[in-house]
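As a plain string of letters, each chain reads:
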Amino acid sequence: MKINDKSVTIIGAGMAGLAAAYDLHCAGRQVTVLEARDRVGGRVHTMRGFTNGLAAEGGGEFIDGQHTRMLAFAKEFKLSLGEVGSWQGQSDDWGAYEGKAGQSNDPNVWGFDLGNEFENIWAALAELAKQVPDPAHPESAPNAKELDKQSSADWINAQAAHPLARMAFADHIRSEYTCEPEHFSLLDLARNAAMYYSTPDFYKPTYRVIGGNDQIPRAIASLLPDVRLNAEVTSIINRPEGVSVTYKHGDSFRTISSAFAILAIPLTTARLIEFNSSLPSAHQRMLNEISYGAVTKVLIEYRRRFWKDKGWNGRLSTDQHIVQTWDATSHLEGERGILTAYTGGAPGAKLSALSDEERTKLAISVIEKIFPGSSDLIENTSTIAWMNEPFTRCSYMALAPGQVTEHWQTLFSPAGRLFFAGEHATMYQGFMEGAVESGQRAAKNIIENSQQGLIS
């Protein structure tokens, strides 16, 4: 049977898959999107069920002012944005370490200026950034192999800073990259530093979509003619003439053949798919080896934003069982508010092993210990452990030592007619913006390849 040369099958209806599908659909391609869940959005997952319609993000949360693709979608779908402080850090952030808690620049709390010690590490990070001239090609950096052999922990431990400052920066690694510093490549830390931390003015505002970030993927999906939910892909055969994808729907299995396909799901989930020996060896190694982080979120609704009474913005880094908190409703007016307890790395893996009830109780207890009486104000809670989500099984990509130089180029290379997209296949690692960029790039490559006859 002859395959329609304008047909594309997209596996995954997260931001990457939907962005690719949207561009391909607008370009006149016949697009089918297969999504294993009963909803679209993937790791963009707004959690509701709070009082008076309050919502908070269980997954992708922050849209930077430079995230032009996400901002364009919000504008196209007439969605309002609420401004949030910088996700990297704010001047009135608190720390809670070794039984002490307060603003990091308050010597009355710490006995020294923890904030200044912390800033010294950030200054060293800006110097590290200079070792990666082109963040889009870290594998081409002059010392790429040497940096990639080292872990971020090696670099942190070498900094001439107070041990508490080094501990706080390790928490930053657990929060931003959702892995332990020992398991995060120093080359990838340098690459990210070159993108975000090369200058001291990186504390720029970010945004959330008012009413929930999931309105963007839902709006995109509503414009696509063929999005199939509860369609779990089990097998892919990647041939020179086309790609055959078999998926399970209910109790039956169905196969769809198309000229091209885009794999837009985490590689953790892709490992469960049978590729029938049709992947090139480099792509198979990439799929098998790329490492990911672990993260949980506990969302706690308080009927009064007690943190404002304390002169605290809700952002806390801690050596307790949870790694970081922030105000999930900081972009909204109102007396009620939601704190997010965001736990990545080894603590995130430990919390993932708990039941939802145990995880929630633990997060509440940490905040209660620092702010006695706060638990009396709780109205509603919700939680998610992304490692436990069967069609995610991770937070997002966190490249381990050795993996940048080994796999970076492959992440961006198609395997014949099978293209890769997702936050892992972009320089904007871990962001909704990156997922969109990867999807749009895959769509563009398919359109250009078919127009130029590069793949026939």
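Residues numbered from 1 in each chain as written. Predicted model: local features only at pLDDT ≥ 70, side-chain atom pairs only at ≥ 80, totals over all residues. Heavy atoms only, no water.

What about the pairing of strand 15 (residues 295-302)?
Point 1. The buried fraction of strand 15 is high, at 8 of 8 residues.
Point 2. Every second residue of strand 15 is oriented toward a common face, with Val 295, Lys 297, Leu 299 and Glu 301 on one face and Thr 296, Val 298, Ile 300 and Tyr 302 on the other, all of them buried.
Point 3. Bridge count between strand 15 and strand 18 (residues 337-344): 8 bridges; the pairing is antiparallel. What sits directly across from Val 298, in strand 18, is Ala 341.
Point 4. Alignment of strand 15 against strand 19 (residues 378-385), held across 7 bridges, turns out to be antiparallel. Paired with Lys 297 across the bridge in strand 19 is Ile 384. (Buried < 20%, exposed > 50% of the residue type's maximum accessible area, 1.4 Å probe, protein only. Helix = DSSP H or I, 4+ residues; strand = E, 2+ residues; numbered from the N terminus. Pairing = 2+ DSSP bridges.)

Brief notes about the side chain of His 424
Point 1. The topology assignment puts His 424 in the loop between strand 20 (418-420) and helix 16 (432-452).
Point 2. For His 424, a relative accessible area of 1% gives the class buried.
Point 3. Setting aside chain neighbours within four positions, we find His 424 in contact with Ile 265, Pro 266, Leu 267, Tyr 292, Met 397 and Leu 411. (Contact = heavy atoms within 4.5 Å.)

As for the sheet that holds strand 13 (residues 252-258)
Point 1. Read across the open sheet, the 3 strands follow the order 11-12-13; overall the sheet is antiparallel. Of all the strands in the sheet, just strand 11 (232-239) and strand 13 have a single pairing partner and so form its edges. Between one strand axis and the next, the sheet turns by 15 degrees as a mean value, whatever way the strands run. (Axes fitted to C-alpha atoms, helices over the stretch in contact; angles between N-to-C directions.)

A few points about the state of the cysteines
Point 1. One pass over the full model with this rule turns up 0 disulfides.
Point 2. Not part of a disulfide, Cys 394 finds its nearest cysteine sulfur in Cys 179, a span of 12 Å. (Disulfide = S-S within 2.5 Å.)

Structural notes on helix 11 (residues 281-289)
Point 1. For helix 11, every residue scored as buried is listed here: His 283, Met 286 and Leu 287. For helix 11, the angular spread of buried residues about the axis comes to 95 degrees, placing them on one side.
Point 2. Of the surrounding elements, those touching the buried residues of helix 11 are helix 10 (267-270), helix 15 (403-411) and strand 20. (Arc of directions from axis to C-beta.)

Considerations on the nonpolar core
Point 1. One finds Leu 125, Trp 155, Phe 169, Leu 189, Ile 236 and Leu 263 to be the most contacted residues of the largest nonpolar core, which totals 81 residues.
Point 2. Residue contacts for Leu 125: discarding those within four places in its chain leaves Trp 155, Phe 169, Leu 189, Ala 193 and Tyr 197. (Core = buried A, V, L, I, M, F, W, Y, C linked by side-chain atoms within 4.5 Å.)

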